[in-house]
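Residues per chain, in single letters:
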Amino acid sequence: KKELAKAHKVLNTLALLDPEDGKARARLADVERLLAREARDAAKKAPPSRSKIAPSSEEQAQAAALVDKGRAAMSSGKLDKAAGHFRAALKADPSSGAAALGLATVAFEQGNNTRAVELARGAVTLRCDAVKAYLLLGDANYNLRRVEAATRAWQRAGSIRPGHRAAQARLDKLKVK
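Below is a short write-up of the structure. Bear in mind the structure is a predicted one, so any value in this text is a computation, not a measurement.

So, the pattern of salt bridges
Here is step 1: Applying the stated criterion across every chain, the model contains five salt bridges.
Here is step 2: The salt bridge involving Glu118 is made with Arg115; its shortest N-O contact spans 3.1 Å. Placement of both Glu118 and Arg115 in helix H6 (residues 113-124) is noted, with a separation of three residues, approximately one turn of the helix.
Here is step 3: Note that Asp172 and Lys175 form a salt bridge whose closest N and O atoms lie 3.9 Å from each other. One end of the pair, Asp172, and the other, Lys175, are both in helix H9 (residues 165-176), three residues apart, so they sit about a helical turn from each other.
Here is step 4: Residue class for Lys175 comes out exposed when judged on its relative accessible area of 64%.

So, the packing of helix H3 (residues 57-75) against helix H4 (residues 79-92)
Here is step 1: One way to put it is that H3 packs onto H4 with a least axis distance of 8 Å and a crossing angle of 170°. Taken together, the axis directions place H3 and H4 in an arrangement best described as roughly antiparallel. Together, Glu59, Gln62, Ala63, Leu66, Val67, Lys69, Gly70, Arg71, Ala73 and Met74 of H3 and Leu79, Lys81, Ala82, His85, Phe86, Ala88, Ala89 and Ala92 of H4 make up the contact between the two elements.
Here is step 2: Residue composition of the contact of H3 with H4, grouped by class: 11 nonpolar, three polar and four charged.

Criteria and cut-off values
Residues numbered from 1 in each chain as written. Predicted model: local features only at pLDDT ≥ 70, side-chain atom pairs only at ≥ 80, totals over all residues. Heavy atoms only, no water. Salt bridge = Lys/Arg side-chain N within 4 Å of Asp/Glu carboxyl O. Helix = DSSP H or I, 4+ residues; strand = E, 2+ residues; numbered from the N terminus. Buried < 20%, exposed > 50% of the residue type's maximum accessible area, 1.4 Å probe, protein only. Axes fitted to C-alpha atoms, helices over the stretch in contact; angles between N-to-C directions. Parallel < 35°, antiparallel > 145°, perpendicular 65-115°, else oblique. Contact = heavy atoms within 4.5 Å. Nonpolar A, V, L, I, M, F, W, Y, C, P; charged D, E, K, R; others polar.

Structure follows, in structure tokens:
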């Protein structure tokens, strides 16, 4: 496999240096096919990753309880404790959008807008309140002075729930500036 990777690198360089070299391009295509075949074979042999296994109902219930604890801690201003609960919920159920959104909210509240953006992006792909996730994504992007990204996120929130007052208020704020 290492030899194929080295060959790929060399042949790719040759093909870039001399695009007219048909032999280098043909050999590069052969090596890419072999690498793809090896990757497919390895994927077939590997056990399914934890994230691809659906959580059991017990794991989902455990995650939901931890999310509730995280929300309670966040309401009390105990952000670090809340983050711990949300992380534990994600460990129990990696598909918990509520836990991902909670963790994104904690990051936002702690002023870590970059992390909030990453986590909110993940949350919108999971089972969660997508409107809240897009609002948070927009707010964090706005704080990072990424106005276009913030606008897209807020517009997405408004398209999911037309007439959503919070989304519209944020968009109106941009029009004033």
